[in-house]
Amino acid sequence: MRTLILIFSAVCLLSLSSCATRVVARPATVTVIKTPPKHYKIVRVKGKRYYFWNGKHYKKTRKGYVVVRV
């Protein structure tokens, strides 16, 4: 009887510690700006055109300007 209890408790302990983990990916928050301010600068990095203002680089898209890391 004692061995049965030990085996049962060992199975329970092994089933509680799983190697699988759950990973949840959050969607990135993207800020779209419709019109740039008056004092922006056009910057070329590796042949691509970026707009610079307020300490950040923006890329022009169909919906507006999106912040990018250069």
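Conventions adopted
- Residues numbered from 1 in each chain as written.
- Predicted model: local features only at pLDDT ≥ 70, side-chain atom pairs only at ≥ 80, totals over all residues.
- Heavy atoms only, no water.
- Helix = DSSP H or I, 4+ residues; strand = E, 2+ residues; numbered from the N terminus.
- Buried < 20%, exposed > 50% of the residue type's maximum accessible area, 1.4 Å probe, protein only.
- Contact = heavy atoms within 4.5 Å.
- Pairing = 2+ DSSP bridges.

A. How the structure looks around the overall build of the chain. Per the secondary structure count, the chain includes one helix and five strands. Its helices and strands in sequence order give the chain the pattern α-β-β-β-β-β, from N to C terminus. Evaluated residue by residue, the chain yields a buried proportion of 10% over its 70 residues. Sequence-distant contacts, at least 24 apart, represent 31% of the contacts inside the chain between residues at least 6 apart.

B. Region of the structure containing the sheet that holds strand 2 (residues 41–45). Strand order in the open sheet made by the five strands is 1-5-4-3-2, with antiparallel pairing throughout. Each of the sheet's edge strands pairs with one partner strand only, and the pair in question is strand 1 (32–33) and strand 2. Bridge analysis of strand 4 (residues 56–60) against strand 5 (residues 65–68) gives four bridges, and the strand direction is antiparallel. What sits directly across from Lys59, in strand 5, is Val66.

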